[in-house]
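A closer look at the structure
Okay, here's what each chain looks like letter by letter:
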Amino acid sequence: VSSVFVTVGTTSFDDLIACVLAHDSLQIIQSLGYNRLVLQIGRGKVVPEPFSTESFTLDVYKYKDSLKEDLQKADLVISHAGAGSCLETLEKRKPLTVVINERLMNNHQLELAKQPHKDGHLFYCTCSMLPGLLQSMDLSTLKCFPPGQPEKFSAFLDKVVGLQK
């Protein structure tokens, strides 16, 4: 079973859930060989109906104590730009696509995704760009995130949110 895990963390990001569930996106996900899609929807108002066919399964939940198991099983993670979700995914060495929530004004999501993208650790896009990115991205080009260096990520995070000059 090849699976995609989508997480919005503790927030809500209905645009992301709706975008992943759009007909085009689902077709692309299936054409790439994924046959399971797990959605962690947080506080979202878009609550899709889980289903299972011979060739495809959709699982949906709001929260779990830990995302560890879903991250472990995932072959691709599509995440909101929350630092915790991103770091946990990168530390598990899973291919990561970060989707920026354009509705959050003055947020630090873009800065948060840009540097690790430049370093080759993840892909990022907006909701409208997700189907195109899913089709064109080459997961084999991603570099493993150096394990056990959360302080580097924290320092970077502090800089982004202006806690450190």
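Located above this text is the structure these notes cover.
Every value quoted in this text rests on a predicted model; they were computed, and no experiment measured them.

Topic: the overall build of the protein
A tally of helices and strands in the protein yields seven helices and seven strands. Going from N to C terminus, the protein has its helices and strands arranged as β-α-α-β-β-β-α-β-α-β-α-β-α-α. When the 165 residues of the protein are sorted by exposure, 45% land in the buried category. Carbon and sulfur atoms make up 53% of the accessible area of the protein, which totals about 8800 Å².

Some remarks on the nonpolar core
Among the nonpolar cores identified, the biggest contains 29 residues, and Val6, Leu16, Leu37, Leu39, Ile78 and Leu130 are the most heavily contacted of them. Looking at this core, the elements with two or more residues in it are β1 (3–7), α1 (14–21), α2 (23–31), β2 (36–40), β4 (57–61), β5 (76–80), β7 (123–126) and α6 (130–136). For this core, the element with the most residues is α1, which contributes four residues. Those residues in contact with leucine 130, other than ones at most four positions away along the chain, are Leu16, Cys19, Val20, Ile78, Thr97, Val99 and Cys125. Judged by nonpolar contacts, the second largest core, of 17 residues, contains Phe5, Tyr61, Ile100 and Leu122.

Overview of α1
Given 3.6 residues to a turn, an α-helix orients residues that are three or four positions apart in the same direction. Along α1, the positions that sit buried rather than exposed are Leu16, Ile17, Cys19 and Val20. Buried residues of α1 fall within an arc of 165° about the axis and therefore sit on the same side.

Here's the deal with the packing of α1 against α2
With their axes 5 Å apart at the nearest point, α1 and α2 run at an angle of 60° to one another. Classed by the angle they form, the pair α1 and α2 counts as oblique. For the pair α1 and α2, the contacting residues are Cys19, Val20 and Leu21 in the first and His23, Ser25, Leu26 and Ile29 in the second. A per-class count over the contact of α1 with α2 returns five nonpolar, two polar and no charged.

Some thoughts on unusual backbone geometry
Of note, arginine 93 is a non-glycine position whose phi angle comes to about 60°, a positive value. Topologically, arginine 93 is positioned in the loop between α4 (83–91) and β6 (96–100). Owing to a relative accessible area of 45%, arginine 93 belongs among the partly exposed residues under this scheme.

Describing the sheet that holds β7
Spatially, the seven strands line up as an open sheet ordered β3-β4-β2-β1-β5-β6-β7, and their pairing is mixed. The two strands at the open ends of the sheet, each matched to only one other strand, are β3 (51–52) and β7.

A short note on the side chain of asparagine 101
Tracing the chain through its elements places asparagine 101 in the loop between β6 and α5 (109–118). For asparagine 101, the side chain forms a polar contact with the main-chain nitrogen of arginine 103, separated by 3.0 Å.

So, the pairing of β2
With four of five residues buried, β2 lies mostly within the body of the structure. Of the strand pairs in this sheet, β1 and β2 are connected by five bridges, and their pairing is parallel. The residue of β2 that forms the bridge with serine 3 is arginine 36. The pairing of β2 with β4 spans five bridges and is parallel. Directly across from leucine 39, in β4, lies its bridge partner valine 60.

Each value, and the rule that gives it
- Here, residues in each chain are numbered from 1, in the same order as that chain's written sequence.
- Since the coordinates come from a predicted model, pLDDT governs what is reported: local features require at least 70, and pairs of side-chain atoms require 80 or more to be given and counted, while whole-chain, interface and lining totals use all residues.
- Side-chain numbers here rest on the full set of heavy atoms in the structure, without hydrogens or water.
- Helix and strand definitions follow DSSP, with helices as H or I runs of at least four residues and strands as E runs of at least two, each counted in order from the N terminus.
- Any residue under 20% of the maximum accessible area for its type is buried, any over 50% is exposed, and the rest in between are partly exposed; the area is computed with a 1.4 Å probe on protein chains only.
- Accessible surface area values rest on a Shrake-Rupley calculation with a 1.4 Å probe, where residue burial reflects the displayed protein chains alone.
- Nonpolar cores are built from buried Ala, Val, Leu, Ile, Met, Phe, Trp, Tyr and Cys residues. Side-chain atoms within 4.5 Å join them into one set.
- A contact between two residues is defined here by any heavy atoms of the two lying within 4.5 Å.
- Each C-beta atom gives one direction from the helix axis, and the arc is the one those directions make.
- Angular values range over 0 to 180 degrees, each being the angle between N-to-C directions of two axes fitted as lines to C-alpha atoms, with helices fitted over their stretch in contact.
- Angular relationships are summarised with four words: roughly parallel below 35 degrees, roughly antiparallel beyond 145, roughly perpendicular across 65 to 115, and oblique for the angles in between.
- Think of it as three bins: nonpolar holds Ala, Val, Leu, Ile, Met, Phe, Trp, Tyr, Cys and Pro, charged holds Asp, Glu, Lys and Arg, and polar takes everything else, Gly as well.
- The pairing criterion for strands is at least two bridges between them, as found by DSSP.
- In protein, a polar contact requires one atom able to donate a hydrogen and another able to accept it; more generally it is a pair of N or O atoms within 3.5 Å, and residues adjacent in sequence count only if both atoms are side-chain atoms.

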